[in-house]
Amino acid sequence: VDSTESGEDGGGQGLSWSRVNSMSIKEWDIPYEELQFEDRIGDGRFGSVYKGNWHGDVAIKMLTVDSQQTDQTSQLQAFKREIAMLRKTRHENLVLFMGACMNPMHLAIVTSLCKHQTLFTHIHLRKEKFAMNRIIIIASQIAQGMGYLHAKGIVHKDLKSKNIFIENGKVVITDFGLFNVTKLCHGNRKGEWLSIPPGWLCYLAPEVIRSLQAFNHMDLPFSKASDVYAFGTVWYELLCGEWPFHGHPSESIIWQVGRGMKQSLGALQASKDVKDVLMSCWAYSVDERPNYSRLLKTFERLPRKRLARCPSHPIQLSRSAES
Ligand code: ATP
């Protein structure tokens, strides 16, 4: 419970911490029976996401609980703690957290429904190119949402273009702070070994990559700085239209990033300032990575092109990516 919210959560009001905690959790507990499920939107590593209805359109992320888990009670407590953090988030660039089903048989997270496409779809599936002005706007909005999360003490742990929607030209970040929840889940993992979904490794900072283990990738050293590293990768995707180390096998990425090597920027035609953002976010040393306020200041200083009105100007291309 956030001690700054003493009025709401009781700090110093004579209520015990656990009672206050269970009161605030109740506020966010959505009875499973109240959820109406519609189409399945897609599957992730740890469960499936459905379009649904709960006082209007919502997205319901059902977690596939691992029945083999030995310590389910404490894991459930951890789930509740993470959910308690999410209720503190109110920012226009973050998906709206509406509540969760805490029934151990039906663990689910309910958020507002994003109706448009992810940045991943725009960049990697539709192969859309963004004009530099648009790239700066998108990156600034991501930095604003992420800066807010960090100010609230929440580390995203899974920032990637698949978790960034572009809704009517506005960035909406999803899936924040939930990585530990996945300890509960077996989800779509096959067996107990480390499974690496395509395009995941390039978001992992060297200190995280170096901590990957074959049988346990849950206790990874995610931090605000590792979120900034992941942001660098999103910046690269926006600029280049592909992931860094594109086409390299996982072992090679793990080896290179773990030793502090970075994607070469030789082929990237961009100003030094634009490339410096990449190099600073991807700094090997955690302390050398900028925070989001510094990144935002950098973006404000980047020169914006005047928008020409000729049909072949890239602004025409960027429009298709604004849905
Ligand atoms: P991973 O599990 O590796 O992170 P993922 O991001 O695709 O992969 P999920 O986060 O489980 O997995 O998402 C599954 C699908 O649901 C994706 O297509 C995702 O874009 C979609 N989705 C997630 N949250 C929402 C939302 N709030 N509104 C609409 N669609 C969503």
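Residues numbered from 1 in each chain as written. Predicted model: local features only at pLDDT ≥ 70, side-chain atom pairs only at ≥ 80, totals over all residues. Heavy atoms only, no water.

Draft legend 1. Structural detail: the site of the ligand. Contacts to the ligand come from 19 residues, most closely from Arg45, Lys61, Cys114, Lys160 and Asp175. One nitrogen or oxygen atom from the side chain of Lys61 is found 2.9 Å from an oxygen atom belonging to the ligand. At 2.9 Å, a side-chain N or O of Asp175 approaches an oxygen atom of the ligand. Per element, the largest residue contribution to the shell around the ligand is three residues, and it comes from strand β1 (residues 36-44). Grouping the constituent residues of the shell around the ligand by class yields seven nonpolar, six polar and six charged. (Near = heavy atom within 4 Å. Polar contact = N/O pair within 3.5 Å; in protein donor to acceptor, adjacent residues only side chain to side chain. Helix = DSSP H or I, 4+ residues; strand = E, 2+ residues; numbered from the N terminus. Nonpolar A, V, L, I, M, F, W, Y, C, P; charged D, E, K, R; others polar.)

Draft legend 2. Focus on the sheet that holds strand β8 (residues 170-173). One open sheet holds the three strands; their spatial order is β6-β7-β8, and the pairing between them is antiparallel. Looking at the sheet topology across the chains shown, the edges are occupied by β6 (117-118) and β8. Bridge analysis of strand β7 (residues 164-167) against β8 gives four bridges, and the strand direction is antiparallel. Bridging across to β8, Glu167 finds its partner in Lys170. Sheet strands touched by helix α5 (residues 132-151): β7 and β8. Its angle to β8, the strand with the most contacts, is close to 35°. (Pairing = 2+ DSSP bridges. Contact = heavy atoms within 4.5 Å. Axes fitted to C-alpha atoms, helices over the stretch in contact; angles between N-to-C directions.)

Draft legend 3. Broad picture of the packing of helix α7 (residues 224-240) against helix α10 (residues 292-301). As a packed pair, α7 and α10 sit with axes 11 Å apart at the nearest point and diverge in direction by 25°. With respect to α10, the axis of α7 lies roughly parallel. Contact with α7, carried on its side by Asp227, Val228, Phe231 and Trp235, involves Tyr292, Leu295 and Phe299 of α10 and no other residues of that element. (Parallel < 35°, antiparallel > 145°, perpendicular 65-115°, else oblique.)

Draft legend 4. Local environment of the packing of aromatic side chains. Inspection of the entire model under this criterion finds nine aromatic pairs. Between Tyr236 and Trp282, the aromatic rings sit 5.7 Å apart at their centres with planes inclined by 40°, giving tilted as the arrangement. Here Tyr236 is found in helix α7, whereas its partner Trp282 is found in the loop between α9 (272-281) and α10, with 46 residues between them in sequence. Through a chain of ring-to-ring contacts, the aromatic side chains of Phe231, Trp235, Tyr292 and Phe299 assemble into a single cluster. The ring of Phe120 carries Lys162 above its face, with NZ or CZ at 5.0 Å from the centroid. (Phe/Tyr/Trp six-rings, centres within 6.5 Å; stacked < 30°, edge-to-face > 60°. Lys NZ or Arg CZ within 6 Å of the ring centre and 35° of its normal.)

Draft legend 5. Structural detail: the environment of Gln256. Here Gln256 shows up in helix α8 (residues 250-258). For Gln256, a relative accessible area of 13% corresponds to the buried category. In this structure, the C-alpha to C-alpha distance between Gln256 and Asn168, residues 88 residues apart in sequence, is 38 Å. Aside from chain neighbours lying at most four places away, what touches Gln256 is Phe245, His248 and Met261. (Buried < 20%, exposed > 50% of the residue type's maximum accessible area, 1.4 Å probe, protein only.)

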